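# Fold and geometry: a report
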Amino acid sequence: MIVFFFLMIALVVVVAAVTLAVIGGGSEAVLPEAEPDRVADGLPETRPVVRADIDALRLPVAPRGYRMAEVDDVLERLAAELAERDARIAQLTAAAGPAAAPADVTDRVDLGKGGER
């Protein structure tokens, strides 16, 4: 019977200690501030993205691959910049007149480091 009461008191003390640890027990934070889940992608904010920026870009790896949200953000940024450049090229080509436009742009496409198609 004495052992039972001793175990009950020990159980109450352990539960109280765990509760105080979880709640915080005061004005000070028990746990440190969590680091953000996402990091900056490293693309410049003040100028357009250039080829060297893309070559230097390294996205952080998550336990099962890359974080989809970060990859989506980078792809959206690159898509917006490509659309802006395409619009600017079309505007300059239209302003230069039909003689300045190449005959068939789709014949030569830069595939990055691979070469031409």
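Scroll up to find the structure.
I will try to describe carefully the structure that is included in this document. The model shown is predicted, which means the values in this text are computed figures rather than measured ones.

### Topic: the overall build of the protein chain
Looking only at helices and strands, the protein chain features 3 helices and 2 strands. Partitioning the contacts of the protein chain with sequence separation of at least 6, the portion at a separation of at least 24 is 49%. Roughly 10,300 Å² of accessible area belongs to the protein chain as shown, and the carbon and sulfur atoms make up 65% of that amount.

### A short note on the pattern of salt bridges
Per the counting criterion, the structure on display carries 5 salt bridges. Notably, a salt bridge pairs Arg 77 with Glu 81, separated by 3.0 Å at the nearest N-O pair. You can see Arg 77 and its partner Glu 81 sitting in helix α3 (residues 68-96), 4 residues apart, about one turn around the helix. Neither residue differs from the other here; Arg 77 and Glu 81 are each classed as buried. Glu 81 is paired through a salt bridge with Arg 85; the nearest N and O atoms lie 3.7 Å apart.

Cut-off values and rules
Residues numbered from 1 in each chain as written. Predicted model: local features only at pLDDT ≥ 70, side-chain atom pairs only at ≥ 80, totals over all residues. Heavy atoms only, no water. Helix = DSSP H or I, 4+ residues; strand = E, 2+ residues; numbered from the N terminus. Contact = heavy atoms within 4.5 Å. Areas by Shrake-Rupley, 256 points an atom, 1.4 Å probe, with all protein chains shown as cover. Salt bridge = Lys/Arg side-chain N within 4 Å of Asp/Glu carboxyl O. Buried < 20%, exposed > 50% of the residue type's maximum accessible area, 1.4 Å probe, protein only.

Bear in mind that shape data such as this cannot, by itself, settle questions of function.
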